[in-house]
Amino acid sequence: MKLWKKNVILILVVVILLAAPPLLMKNAEFAGADGLAEEQILQINPDYEPWFNSLLEPASGEIESLLFALQAAVGAGLVGFVLGRLTGRKTDSGIEG
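Residues numbered from 1 in each chain as written. Predicted model: local features only at pLDDT ≥ 70, side-chain atom pairs only at ≥ 80, totals over all residues. Heavy atoms only, no water.

J.: Could you clarify how one ought to interpret the environment of Ala 59 in this entry?
T.: Position of Ala 59 relative to the elements: it lies in the loop between helix 2 (33–44) and helix 3 (61–92). Take Ala 59: its relative accessible area is 72%, and that puts it in the exposed class. Once the C-alpha coordinates of Ala 59 and Thr 87 are considered, the two residues, 28 residues apart in sequence, prove to be 41 Å apart. (Helix = DSSP H or I, 4+ residues; strand = E, 2+ residues; numbered from the N terminus. Buried < 20%, exposed > 50% of the residue type's maximum accessible area, 1.4 Å probe, protein only.)

Listed below in structure tokens is the structure:
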């Protein structure tokens, strides 16, 4: 199978995996883990106070999402770069695999 066909199939699988939860679970609430953890802690111990506060508090939820997406993109780029370099090193040294 040609490489571009494999890539198209992988992209379609990713799109299906991303679209399936919201489509199949219409009334589900998709909340973040931080908020759920905070609720559980306060149920167990209502007097709990955090050990420290955030150094940088984003102005809005949109900015917080942007920073999270940026962090994910930088991490993915770094992992992709390292894997690409390692793969390129194998083929450059004459080792095919």
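J.: Help me out: how do you make sense of the environment of Ile 16 in this one?
T.: Counting through the fold element by element, Ile 16 comes out in helix 1 (residues 3–24). As for Ile 16 and Thr 87, which are separated by 71 residues in sequence, their C-alpha atoms are 28 Å apart.

J.: It is not clear to me how the layout of surface pockets should be interpreted in this structure. Could you clarify?
T.: The rolling of a water-molecule-sized probe over the atoms marks out the regions of remaining empty space. The calculated volume of the largest pocket comes to roughly 580 Å³. Considering the residues around the largest pocket, the lining is formed by 16 residues, among which Asp 34, Glu 38, Pro 50, Phe 52 and Ser 54 are closest to the centre. Residue contributions to the lining of the largest pocket peak at 5 residues, all from helix 2. Among the residues forming the lining of the largest pocket, the class breakdown is 9 nonpolar, 3 polar and 4 charged. (1 Å grid on protein atoms, 1.4 Å probe; cavity = no way out; pocket = protein on both sides within 12 Å on 5 of 7 lines; lining within 4 Å. Points joined across faces, edges and corners; volume = space filled by probe spheres on them. Nonpolar A, V, L, I, M, F, W, Y, C, P; charged D, E, K, R; others polar.)

J.: Any chance you could explain a negative patch on the surface here in plain terms?
T.: Together, Glu 29, Asp 34, Glu 38, Glu 39, Glu 57 and Glu 64 make up a negatively charged patch on the protein surface. By the secondary structure assignment, Asp 34 is in helix 2. On the accessibility criterion, Asp 34 (65% relative accessible area) is exposed. (Patch = residues over 30% accessible without salt bridge, like charges linked within 9 Å, V, L, I, M, F, W, Y side chains within 5 Å. Areas by Shrake-Rupley, 256 points an atom, 1.4 Å probe, with all protein chains shown as cover. Salt bridge = Lys/Arg side-chain N within 4 Å of Asp/Glu carboxyl O. Lys, Arg positive; Asp, Glu negative; His and termini not counted. Charge placed at Lys NZ, Arg CZ, Asp CG, Glu CD.)

J.: Looking at this structure, I do not really get the confidence of the model for the chain. What am I missing?
T.: As a general rule, the predicted coordinates of low-pLDDT regions are not to be interpreted in detail. On average, the chain scores 85 in pLDDT, and the residues at 70 or more come to 92%. At the level of individual helices and strands, the chain shows its lowest average pLDDT in helix 2, which scores 87, and its highest in helix 1, which scores 90. (pLDDT = per-residue confidence, 0-100.)

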